[in-house]
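Geometric and topological summary
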Amino acid sequence: MTSPHLDPDTHGTTFGVATVTVDLDAGDCVVRAPRPGRVLPVMRRVRFNSLDEIREAYQAQIGRARTDPVARDVAAALKFAGQKLKNRQRKGKA
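The sections below set out a description of the structure shown in this document. (Residues numbered from 1 in each chain as written. Predicted model: local features only at pLDDT ≥ 70, side-chain atom pairs only at ≥ 80, totals over all residues. Heavy atoms only, no water.)

**Thoughts on the pairing of strand S4 (residues 42–48)**
The criterion, for reference: Here, any two strands with at least 2 DSSP bridges between them count as paired. Strands here are runs of E lasting at least two residues and helices are runs of H or I lasting at least four, both read from the DSSP assignment and numbered beginning at the N terminus.
Note: strand S3 (residues 28–35) against S4, seven bridges, orientation antiparallel. Bridge pairing in S4 places Pro34 opposite Met43. Counted along the chain from S3 to the antiparallel partner S4, the turn is six residues long.

**Quick look at the pattern of salt bridges**
Let me state the cut-off plainly: Any Lys or Arg side-chain nitrogen found within 4 Å of a carboxyl oxygen on Asp or Glu counts as a salt bridge. Each residue is assigned to one of three classes by its accessible area relative to the maximum for its type, calculated with a 1.4 Å probe on protein chains only: buried under 20%, partly exposed between the two thresholds, exposed over 50%.
All told, the structure shown has five salt bridges when counted by the stated rule. A salt bridge links Asp25 to Arg88, with the nearest nitrogen and oxygen atoms 3.1 Å apart. One end of the pair, Asp25, is in the loop between strand S2 (18–23) and S3; the other, Arg88, is in helix H3 (residues 69–93), and 63 residues separate them in sequence. Residue class for Asp25 comes out exposed when judged on its relative accessible area of 55%. We note a salt bridge from Asp68 to Arg64, for which the minimum N-O separation is 2.9 Å. The class of Asp68 is buried, set by a relative accessible area of 13%. When salt bridges with common partners are traced through the structure, they connect Arg35, Arg64 and Asp68 into a single cluster.

**Some remarks on helix H2 (residues 51–64)**
The test is simple: Each helix should span, by expectation, one fewer than its residue count multiplied by 1.5 Å. To obtain the arc, one takes the directions from the helix axis to the C-beta atoms.
Between its first and last C-alpha atoms H2 spans 20 Å; for 14 residues at 1.5 Å apiece the expected length is 20 Å, and the two agree. Within H2 the residues assigned to the buried category are Leu51, Ile54, Ala57 and Gln61. Looking straight down H2, one finds its buried side chains confined to an arc of 120°; they lie on one side. H2 presents Glu56, Gln59 and Gly63 as exposed residues on the side facing more than 90 degrees away from its buried surface.

**Re the nonpolar core**
Rules: Throughout, nonpolar core names a set of buried Ala, Val, Leu, Ile, Met, Phe, Trp, Tyr and Cys residues whose side chains join them through atoms within 4.5 Å.
Counting residues in hydrophobic clusters, the biggest one holds 16 residues, and the most contacted among them are Val20, Cys29, Val31, Phe48, Ile54, Val74 and Leu78. Secondary structure elements with two or more residues in this core: S2, S3, H2 and H3. Here the element with the most residues in this core is H3; it accounts for six residues.

**Notes on the packing of aromatic side chains**
The line we're drawing: Stacked, tilted and edge-to-face pairs are distinguished by plane angle, under 30 degrees for stacked and over 60 for edge-to-face with tilted covering the rest, among Phe, Tyr and Trp rings (Trp via its six-membered ring) whose centres lie within 6.5 Å.
This model, assessed by the stated rule, comprises one aromatic pair. Consider the rings of Phe15 and Phe80, whose centres lie 5.5 Å apart with planes at 50°: the pair is tilted. Note that Phe15 is positioned in strand S1 (residues 13–15) and Phe80 in helix H3, a separation of 65 residues in sequence.

Written out as structure tokens, the structure reads:
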């Protein structure tokens, strides 16, 4: 099976300007969102390899969300990914 990260248009979920793909088998996610560039915004792609990394990134983004609308979208995407992975872990233990 190929990774859902390879085709975010098909396998991704969008929150405002942020798109997240979650690979339940690998237990990771990739968030794509625009960040300020020198002249124009550039798309940034970040992979989070575990639920712990997702939680830490979520805390950082939710802290910035009050003043940064992109951070709000990224936080929503991370929350979604974290919930999906957490639900998968619970099902695996049951």
